[in-house]
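One letter stands for each residue in the lines below.
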Amino acid sequence: MANVSHTRGDIASHPDVSEMQARYARMLGGRDVALVDGPVFLLGLYCAVSPWILHYTTSQPALVPHNLIVGIAIGLLALGFTRAPERMYGLSWAMSALGVWMIVSPWIVGSSPDKGVILNNVIIGGLAVLMGLVCAGTAARSTPKP
């Protein structure tokens, strides 16, 4: 049986310590907003299915494909943030733009929207703008300065 009771020493004496630290830093780089990726995806999913959840498919037929397409776009941005954060967080401004569009879309795309449709799209849009700003702020903060 092996004797494992002795102390091996500090990792600082390991010959590959600088390479391991650099790899660890690369692996964690850009992941400051990892907690936002999931909620952004869920927001996109909800946006896509909200016409069926709130039952306004017959009263606002133009907003049904609109919310579906914008929801899919937000969901794809979230998947991109998760898959390649160092390249995608520059597009967080696009998510903010989609949020602003969601806020004004009931009056532009819809026809005489009721209070529930307006409230739904304003909440989705406001959350998209907020999450986009969080992602953009974190990306700007974590970008290495020359």
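You'll find the structure just up there.
Remember, predicted model here, so these are calculated numbers, not experimental data.

Reading guide: rules and limits
All chains use their own residue numbering, which begins from 1 and follows the written sequence. In keeping with the predicted nature of the model, local features appear solely for residues at pLDDT of at least 70, side-chain atom pairs appear and are counted solely at 80 or more, and the whole-chain, interface and lining totals rest on all residues. Note that water and hydrogens are dropped before the side-chain values are worked out from all heavy atoms of the structure. Only DSSP runs of H or I reaching four residues or more are called helices, and only runs of E reaching two or more are called strands; each is numbered from the N terminus. The buried label goes to any residue with under 20% of its type's maximum accessible area, the exposed label to any with over 50%, and the partly exposed label to all in between, with areas taken from a 1.4 Å probe on protein chains only. Contact definition: two residues touch when any of their heavy atoms are within 4.5 Å. Residue exposure ignores everything except the shown protein chains as possible cover, and the areas themselves are Shrake-Rupley values with a 1.4 Å probe. The term nonpolar core refers to a set of buried residues drawn from Ala, Val, Leu, Ile, Met, Phe, Trp, Tyr and Cys, joined through side-chain atoms within 4.5 Å. Expected helix span is computed as 1.5 Å times (number of residues minus one). Bending is quantified residue by residue as the angle between axes fitted to the seven-residue window ending at that residue and the seven-residue window starting at it. To define axes, lines are fitted to C-alpha atoms, for helices over the stretch in contact only, and angles between the resulting N-to-C directions are given on a 0 to 180 degree scale. Just so you know how the angles are binned, under 35 degrees is roughly parallel, over 145 roughly antiparallel, 65 to 115 roughly perpendicular, and the rest oblique. Each helix crossing is assigned a hand: it is left-handed if the near helix lies turned anticlockwise from the far helix by less than a right angle, otherwise right-handed if that turn is clockwise. Asp, Glu, Lys and Arg are counted as charged, while Ala, Val, Leu, Ile, Met, Phe, Trp, Tyr, Cys and Pro are counted as nonpolar; the rest, among them Gly, fall into the polar class. The term polar contact refers here to a pair of N or O atoms within 3.5 Å; inside protein, the definition further demands a hydrogen-donor-capable atom paired with an acceptor-capable atom, and it admits residues adjacent in sequence only when both atoms are side-chain atoms.

Asks: Describe the overall build of the protein, listing the residues and the values that go with them.
Replies: Check the secondary structure of the protein and you find six helices and zero strands. For the protein, with 146 residues in total, the buried portion stands at 35%. Taking the contacts inside the protein whose residues are at least 6 apart along the sequence as the reference set, 65% of them involve residues at least 24 apart. Accessible surface for the protein amounts to roughly 9200 Å². Of this, 69% is attributable to carbon and sulfur atoms.

Asks: Give a detailed account of the nonpolar core, specifying residues and quantitative values.
Replies: Ranked by internal contacts, the top residues of the largest apolar core, which has 18 residues, are Val 40, Ile 74, Phe 81, Met 95, Met 131 and Cys 135. Broken down by secondary-structure element, the contributors of at least two residues to this core are α2 (34-53), α3 (63-83), α5 (92-108) and α6 (115-142). With five residues, α3 is the largest single contributor of residues to this core.

Asks: Give me the lowdown on α5, citing residues and values where you can.
Replies: When the terminal C-alpha atoms of α5 are compared, their 24 Å separation across 17 residues agrees well with the 24 Å that a helix rising 1.5 Å per residue should span. Of all bends in α5, the biggest is about 35 degrees, found at Met 102, and the proline Pro 106 comes one to four residues later. Within the span of α5, buried status applies to Ser 92, Met 95, Ser 96, Gly 99, Met 102, Ser 105 and Pro 106.

Asks: Give a detailed account of the environment of Ala 62, specifying residues and quantitative values.
Replies: Tracing the backbone shows Ala 62 in the loop between α2 and α3. Owing to a relative accessible area of 40%, Ala 62 belongs among the partly exposed residues under this scheme. Along the sequence, Ala 62 and Val 109 sit 47 residues apart, while their C-alpha atoms lie 6.3 Å from each other.

Asks: Provide a residue-level description of the packing of α3 against α5, including the pertinent values.
Replies: One way to put it is that α3 packs onto α5 with a least axis distance of 11 Å and a crossing angle of 160 degrees. By the angle between their axes, α3 is roughly antiparallel relative to α5. Considering how the two elements wind past one another, α3 and α5 form a crossing that is left-handed. On the side of α3, the interface is formed by Leu 63, His 66, Asn 67, Val 70, Ala 73, Ile 74, Leu 77 and Phe 81, while α5 contributes Ser 92, Met 95, Leu 98, Trp 101, Met 102, Ser 105 and Pro 106. Counted by class, the contact of α3 with α5 contains eleven nonpolar, four polar and no charged residues.

Asks: Let's hear about the side chain of Ser 50: which residues, and what values?
Replies: Assignment of secondary structure puts Ser 50 in helix α2. On the basis of relative accessibility, which here comes to 0%, the residue Ser 50 falls in the buried class. Side-chain polar atoms of Ser 50 contact the side chain of Tyr 56, separated by 3.5 Å. A polar contact of 3.4 Å, which involves the side chain of Ser 50, links it to the side chain of Asn 120. In contact with Ser 50, other than residues within four places in its own chain, are His 55, Tyr 56, Asn 67, Asn 120 and Ile 124.

Purely geometric stuff here, so don't read any function into it on its own.
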